[in-house]
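Residue-level structure breakdown
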Amino acid sequence: MEVLDRFARPLRSLRVSVTDRCNLRCQYCMPETDYAWLPRDSVLTFEEIAVLVDAFTDLGVDRVRLTGGEPLLRRDLPVLVERLAARPSIRDLALTTNGVLLAQSVTDLASAGLHRITVSLDTLDPARFEALTRFDEHAAVLNGIERAAAAGFSSLKLDTVVIRGFNEDELVPMLEYARGIGAELRFIEYMDVGGATRWSPHAVCSRADILSQLEAQYGPIAPLHEKSSAPADRFRLADGLVFGIIASTTAPFCADCDRARLTADGMWLMCLYARAGTDLRRPLRAGADGEELRRLVSTVWASRADRGAEERLSAERQATLIPVAALRKDAHLEMHTRGG
Ligand code: SAM
């Protein structure tokens, strides 16, 4: 069964945040010293996550991505992976991780049936990594990436947030690193999502800037014309190397957005920029059955008119999206709670 929102966008993809905790403190995501955390007893069990995922897959979702926070901080994550991988309705089961704990989990994730992994890696320089993330974990991340590359997943991607004045001089080295390990790199424009309290328009390195820098090195770059709701536009260098750019800030792709996001405590968000969501934990814990959950999800999706990134682009961006005081009051507004 397919449900369409008010702009005729289907519900196809679900990002499930399994924890709001993270073991890094990236300046573009968690720059503050203190955070409000979700109460532990509000965090969904694997059983509860599976029931909600079933409600979504019954309505057309066939791609599920596990994220966070840092999803590998969630104890026994491979148990959840195994349970979801057994669902024939899930055509694509992926994980987004910062890679710090990847080396020790990669074998269990692969045997649990995980299809794909995306690792966030913003720099090849250990000192820069530590300045960005405030942890000395660069070697652990590279080790995790290399172990994942050897583990036989159907694809390995690297996501790099490009920040002017920080890592824009690493575009070519990052591409060559990805080539060397057989991963596909995606450059991400810096977004002013909730929690990015240091964001400034001057720090955004746009898709156009990224392409012109790469063309100076590699010559003409060809766009791949693909019909897809994936956030990245893909390109091919003359030597055949394919990479992506996620231009969420300067060229948002709301018109094709088929993604829903579930926080670790069961708040369902229709958009990365949404101010509020639908609490699915409450009906679930009150005993709602599959039919009731499906009815709720399809009714809410049918009323969806979110196009947060496009609205953000057309707004005057004088201040950060959400002030720190508001973030302190409601953890659901944070990127690390929503999952990327
Ligand atoms: N901890 C995991 C990781 O690092 O991949 C998953 C969660 S993290 C929130 C997901 C993605 O969001 C990461 O690739 C991160 O770089 C990206 N991200 C966070 N804040 C961002 C921002 N302000 N602009 C662009 N991307 C951002």
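See above for the structure.
Residues numbered from 1 in each chain as written. Predicted model: local features only at pLDDT ≥ 70, side-chain atom pairs only at ≥ 80, totals over all residues. Heavy atoms only, no water.

What about the overall build of the protein chain?
Rules: Under the scheme used here, helices are H or I runs from DSSP no shorter than 4 residues and strands are E runs no shorter than 2 residues, and both carry numbers assigned from the N terminus. With C-alpha atoms as the basis for the radius of gyration, the globule rule is written as 2.2 Å multiplied by the number of residues raised to the power 0.38. With a 1.4 Å probe rolled over the protein chains alone, any residue whose accessible area is under 20% of its type maximum counts as buried; one over 50% counts as exposed, and the rest are partly exposed. We call two residues in contact whenever any of their non-hydrogen atoms come within 4.5 Å of each other. Residue exposure ignores everything except the shown protein chains as possible cover, and the areas themselves are Shrake-Rupley values with a 1.4 Å probe.
Secondary structure summary: the protein chain contains twelve helices and twelve strands in total. For the protein chain, the C-alpha radius of gyration of 19 Å lies close to 20 Å, the compact-globule estimate for 340 residues. Principal-axis analysis of the C-alpha atoms gives the protein chain an extent of 60 × 45 × 40 Å. When the 340 residues of the protein chain are sorted by exposure, 57% land in the buried category. Long-range pairs, those at least 24 residues apart, make up 74% of the contacts in the protein chain with a sequence separation of at least 6. Total accessible area computed for the protein chain in this model is approximately 14,200 Å², and 51% of it derives from carbon and sulfur atoms.

Describing helix α4 (residues 126-133)
Test applied: This arc is taken over the directions from the axis of the helix to the C-beta atoms. Polar contacts, as used here, are pairs of N or O atoms within 3.5 Å; protein pairs need one atom able to donate a hydrogen and one able to accept it. Residues neighboring in sequence count only if both atoms are side-chain atoms.
Of all the residues in α4, the buried ones are Phe-129, Leu-132 and Thr-133. Down the axis of α4, the buried set is contained in an arc of 80°. They therefore lie on one face. Measuring from the side-chain oxygen of the N-cap residue of α4 to the backbone nitrogen of Ala-127 gives 2.8 Å; that N-cap residue is Asp-125. Positive phi appears at Arg-134, one or two residues downstream of α4, with a value of about 65°.

Let's talk about the sheet that holds strand β3 (residues 92-97)
Sheets are built from strands paired through backbone hydrogen bonds, the pairs being either parallel or antiparallel. The cut-off we apply is this: Any two strands between which DSSP finds at least two bridges are classified as paired. Inter-axis angles, ranging from 0 to 180 degrees, are taken between N-to-C directions of lines fitted to C-alpha atoms, where helices are fitted over the stretch in contact.
Strand order in the open sheet formed by twelve strands is β7-β8-β9-β6-β5-β4-β3-β2-β1-β10-β11-β12, and the pairing between neighbours is mixed. Only two strands of the sheet have a single neighbouring strand rather than two, namely β7 (222-223) and β12 (278-279). Pairing of β3 with strand β4 (residues 116-120) involves four bridges; the strand directions are parallel. Paired with Thr-96 across the strands is Thr-118, a residue of β4. Packed on one face of the sheet, helix α1 (residues 46-58) meets β1 (13-17), β2 (63-67), β10 (259-262) and β11 (267-269) and runs near 165° to β1. Strands β2 and β3 of the sheet are contacted by helix α2 (residues 77-85), whose axis makes an angle of about 175° with β2.

What about the site of the ligand?
So the rule is basically this: Whether a residue is near a molecule or strand depends on its heavy atoms: if one lies within 4 Å, it is near. Charged means Asp, Glu, Lys or Arg here, nonpolar means Ala, Val, Leu, Ile, Met, Phe, Trp, Tyr, Cys or Pro, and polar covers whatever is left, Gly included.
With respect to spatial proximity, 19 residues lie near the ligand, and among them Tyr-28, Gly-69, Glu-70, Ser-120 and Met-191 are the closest. When the ligand sits alone it has 550 Å² of accessible area, and the protein chains cover 94% of it. If you list the elements that add at least two residues to the shell around the ligand, you get β3 and β6 (184-189). Residues that form the shell around the ligand fall into these classes: nine nonpolar, eight polar and two charged.

With respect to the packing of aromatic side chains
We apply this condition: Only rings of Phe, Tyr and Trp enter the pairing, Trp through its six-membered ring, and a pair is recorded when the two centres are within 6.5 Å. The plane angle decides the type: under 30 degrees is stacked, over 60 is edge-to-face, the rest tilted. Look at NZ for Lys and CZ for Arg. If either is within 6 Å of the ring centre and within 35 degrees of the ring normal, a charge sits over the ring.
All told, the structure shown has six aromatic pairs when counted by the stated rule. Ring plane angle 70° and centroid distance 6.1 Å describe the contact between Phe-187 and Phe-243, whose orientation is recorded as edge-to-face. Of this pair, Phe-187 sits in strand β6 while Phe-243 sits in strand β9 (residues 242-246); the two residues are 56 residues apart in sequence, bridging distant segments of the chain. Here Phe-187 matches Phe-243 in class, with each residue buried. Of the aromatic side chains, those joined through ring pairs into one cluster are Tyr-28, Tyr-190 and Trp-199. Over the face of the ring belonging to Phe-166 we find Arg-128, whose NZ or CZ atom lies 6.0 Å from the ring centre.

Brief notes about the environment of Ala-110
Examined against the element boundaries, Ala-110 turns out to sit in helix α3 (residues 102-112). For Ala-110 and His-225, which are 115 residues apart along the polypeptide, the C-alpha to C-alpha distance reads 31 Å. Those residues in contact with Ala-110, other than ones at most four positions away along the chain, are Ala-151 and Phe-153.

Examining the pattern of salt bridges
Cut-off, in case you're wondering: Any carboxyl oxygen of Asp or Glu that lies within 4 Å of a side-chain nitrogen of Lys or Arg is treated as forming a salt bridge with it.
Within this structure, the stated rule accounts for 29 salt bridges. Taking the shortest distance from any N to any O, the salt bridge between Arg-282 and Asp-279 comes out at 3.4 Å. By relative accessible area, which is 61% here, Arg-282 ends up exposed. Between Arg-307 and Glu-311 there is a salt bridge, with the nearest N and O atoms lying 3.6 Å from each other. Classification of Glu-311 by relative accessible area gives partly exposed; the value is 43%. Through salt bridges with shared partners, a single ionic network connects Asp-5, Arg-9 and Arg-304.

Re the pairing of β9
Along β9, five of the five residues are buried, which leaves the element largely enclosed by surrounding structure. Burial along β9 is two-sided: the face carrying Val-242, Gly-244 and Ile-246 and the face carrying Phe-243 and Ile-245 are both buried. The sheet contact formed by β6 and β9 spans three bridges and is parallel. Residue Phe-187 lies in a different strand from β9, and its bridge partner there is Ile-245. Note: strand β8 (residues 233-236) against β9, four bridges, orientation antiparallel. Along β9, the bridge assignment pairs Phe-235 with Phe-243. Hairpin connection, β8 to β9: the antiparallel pair is bridged by five residues, and Gly-240 has positive phi, about 100°.

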